[in-house]
Amino acid sequence: MNSTAGISFIADMHTHTLASTHAYSTITENAAWCSEHGIKYLGMTDHGIAMQDSPDTWHFENLRILPEYLKGVRVFKGIEADILSVSGELDIPRGMESVYYSILEWVNVSMHVQTFAPSSKRDHTKAYLNVLKNRFVDVISHSESPKFDYDYDAVTKACAEYGRLIEVNVCRIERGEIQTERYKRILECCEKHGTRIIVSSDAHFYTHIGAFDPAKKLLEEIEFPEELVINSSEERFLGYINERNERIGKNV
Ligand SMILES: [Zn+2]
Ligand SMILES: [Zn+2]
């Protein structure tokens, strides 16, 4: 396998717009930045409604009016949904699932202390394993948090079996050594099980989109196999999109 030396990226699938009130750029500004910096695929993934700073359900229902391409960049209509419970329930309102899922083209799922009270390692593991049963879920986001410890081996194995992705979140790596060390352990498990990963910025301002150097450094340091990084190659990225479309029964 090739190592990640010299790796470059073509997609950033975890970014926020000012629809999340602690983010500060418009989707047009985000897309323009991508267009100038070689990012061809952009995930617009504002917070699900359980978070205090989230947009209303109207935001998600109305995403359909956005064009597929902005400034030549393919914009995926997405969400960073909150995992609310051990059963893997997300903050997509009951009765609105079909509306959301017919519009959403990308679903990151996260545990946040604001919407999931940290519990035991066993409960966090169960929650992740349950959320993977939802066929619309694409990525487990920023799972390195020390507050939400889980069984890395079991969850990365399940991700490989279900064909889902583990995120390496640049914002979190930048928080320091503890997060970076935890990512190393998660990535070891990903390599062991052949679990694919995606590097994402979690940008809350446009200049942070695609700024993946801390993740690149980490992947190079541990010689993580590039074949498992889906957003460092257009072929791998679009291959995943095709898989996703098949999984959710979407005709393309
Ligand atoms: Zn988050
Ligand atoms: Zn985020």
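Below: a short report on this structure. Within each chain, residue numbers correspond to sequence positions counted from 1 in written order. To label them, take the chains in the order written and letter them from A, then take the ligands in the order written and number them from 1. Reporting of local features is limited, given that this is a predicted model, to residues whose pLDDT is at least 70; pairs of side-chain atoms are given and counted only at 80 or more, and all residues count toward the totals for whole chains, interfaces and linings.

**What about the overall build of the protein chain?**
Part 1 of the argument: Helix and strand assignments come from DSSP, with helices taken as H or I runs of at least 4 residues and strands as E runs of at least 2, each series counted from the N terminus. For the protein chain, the helix and strand inventory stands at nine helices and eight strands.
Part 2 of the argument: Note that the radius of gyration is over C-alpha atoms, with the globule rule given as 2.2 Å times the number of residues to the power 0.38. Against the compact-globule benchmark of 18 Å for 252 residues, the protein chain has a radius of gyration of 17 Å, which places it among compact chains.
Part 3 of the argument: Over its C-alpha atoms, taken along the principal directions, the protein chain stretches across nearly 40 × 40 × 35 Å.
Part 4 of the argument: Comment: burial labels come from other C-beta atoms within 10 Å of the residue's own C-beta, placed from the backbone, where a count of 20 or more is buried, 12 or fewer is exposed, and between is partly exposed. For the protein chain, the proportion of its 252 residues judged to be buried stands at 46%.
Part 5 of the argument: We call two residues in contact when their backbone-placed C-beta atoms lie within 7 Å. Put simply, of all contacts in the protein chain between residues at least 6 apart along the chain, 82% involve residues at least 24 apart.

**Digging into the nonpolar core**
Part 1 of the argument: Ranked by size, the top nonpolar core spans 65 residues in total, and within it L42, V109, I197, V199 and A215 carry the most contacts.
Part 2 of the argument: The dominant element in this core, judged by the number of residues it contributes, is strand β4 (residues 73–82), at five residues.
Part 3 of the argument: Once residues within four sequence positions are removed from consideration, L42 is found in contact with D12, T15, N30, A31, C34, V73, V75 and F76. Nonpolar core, as used here: buried Ala, Val, Leu, Ile, Met, Phe, Trp, Tyr and Cys residues forming one set through C-beta atoms within 7 Å.

**A few points about the environment of T180**
Part 1 of the argument: By the secondary structure assignment, T180 is in helix α7 (residues 177–193).
Part 2 of the argument: Of the residues examined, T180 has 18 C-beta atoms within 10 Å and is grouped as partly exposed.
Part 3 of the argument: Along the sequence, T180 and I27 sit 153 residues apart, while their C-alpha atoms lie 29 Å from each other.
Part 4 of the argument: In this structure, T180 is in contact with I173 and L218, ignoring residues within four places of it in sequence.

**What to know about the pairing of β4**
Part 1 of the argument: Within β4, eight of the ten residues are buried, which leaves the element mostly enclosed by the surrounding structure.
Part 2 of the argument: With two bridges connecting them, strand β3 (residues 69–70) and β4 associate as antiparallel partners. In the strand pairing of β4, L70 is matched with V73.
Part 3 of the argument: The pairing criterion is simple: DSSP has to find at least two bridges between the two strands. Linking β3 to β4, which pair antiparallel, is a turn of two residues; within it K71 sits at a positive phi near 55 degrees.
Part 4 of the argument: As judged from the five bridges shared by β4 and strand β5 (residues 106–110), these two strands associate in the parallel manner. Across the sheet, the residue bridging to A81 is V109, located in β5.
Part 5 of the argument: Crossover handedness is defined by viewing with both strands directed away from the observer: a clockwise path from the first strand over the helix to the second marks the crossover as right-handed. Following the backbone out of β4, through helix α3 (residues 97–103) and into the adjacent parallel β5, one traces a crossover that is right-handed.

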